[in-house]
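Analysis of the macromolecular model
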Amino acid sequence: MELLSGYIYIPVTNLERSVEWYAQYLHFETAFEDPLYVEMRSTTGIRIMLIVSEEAVNSQMTYSNGPQAAYGFVVPDIDQARQWLMDHGIEVRRISNYQGKSFGFYDPDGNIIELWSDYPKA
C-alpha cells in the first residue's frame, strides 16, 4: 500500500472567518465548499478540512508541560516563517529546538498550529 497524501480535520466555529484566515496566513486555497465543512489545499498538496464545531472544541492536546499542537506543517526556514507571522500580527510562541526547531501559534478558534523546520542534518 502506498500513501499519497493526507488531510487534517480542524474544528472551527465560523467557516467564513476560518477560510479567510487560513488563506491569508497559511496560503491555503478553497477546493470544495459544503454547508458543514470547507476543504482547503496548499500548493504542495496539503489538505485541511475546516469543519463546523458548534461547541468550542479545539484540536490541541494537553501534556504535563501544557497544551501542544495536534497538527503542524514543515517550513524551509523557521525563523523567516515566525518573523512573517509576527509582522502580520499573529501571536507566536517561543522557538523550541527538539528534533528540529519549531514553534506554535493559534488560529481564530484557539487551535494550536505548529511550524517545524524538520530534523537537523546529521
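So, here is what we can say about the structure in this document. (Residues numbered from 1 in each chain as written. Predicted model: local features only at pLDDT ≥ 70, side-chain atom pairs only at ≥ 80, totals over all residues. Heavy atoms only, no water.)

What follows concerns the packing of aromatic side chains. Tallying each qualifying case throughout the model produces 10 aromatic pairs. Aromatic pair tyrosine 22 and phenylalanine 28: ring centres 6.5 Å apart, planes at 65 degrees, arrangement edge-to-face. Both residues of the pair, tyrosine 22 and phenylalanine 28, count as buried. Joined through ring pairs, the aromatic side chains of Trp21, Tyr22, Tyr25, Phe28, Tyr71, Phe73, Trp84, Phe103 and Phe105 make up one cluster. (Phe/Tyr/Trp six-rings, centres within 6.5 Å; stacked < 30°, edge-to-face > 60°. Buried < 20%, exposed > 50% of the residue type's maximum accessible area, 1.4 Å probe, protein only.)

Attention now goes to the nonpolar core. Burial of nonpolar side chains together is a common tendency in soluble globular proteins. In this structure, Tyr22, Leu50, Phe105 and Leu115 are the most contacted members of the largest nonpolar core, which totals 25 residues. Among the secondary structure elements, those contributing two or more residues to this core are β1 (7-12), α1 (15-26), β3 (37-41), β4 (47-52), β7 (71-74), α2 (78-87), β9 (101-106) and β10 (112-116). Per-element accounting of this core gives the leading share, 6 residues, to α1. Among all residues touching tyrosine 22, those that are not within four sequence positions of it are Ile10, His27, Phe28, Met40, Ile48, Leu50, Tyr71, Asp107 and Ile113. (Core = buried A, V, L, I, M, F, W, Y, C linked by side-chain atoms within 4.5 Å. Helix = DSSP H or I, 4+ residues; strand = E, 2+ residues; numbered from the N terminus. Contact = heavy atoms within 4.5 Å.)

The next thing to look at is the pattern of salt bridges. Considering all chains together, one arrives at 4 salt bridges under this definition. With a shortest N-O distance of 2.7 Å, arginine 41 and glutamate 39 are connected by a salt bridge. Since its relative accessible area comes to 32%, arginine 41 is described here as partly exposed. A salt bridge links lysine 101 to aspartate 79; the shortest N-O distance between them is 3.4 Å. Separated by 22 residues along the polypeptide, lysine 101 in strand β9 and aspartate 79 in helix α2 bring together distant segments of the chain. We classify aspartate 79 as partly exposed; its relative accessible area is 42%. (Salt bridge = Lys/Arg side-chain N within 4 Å of Asp/Glu carboxyl O.)

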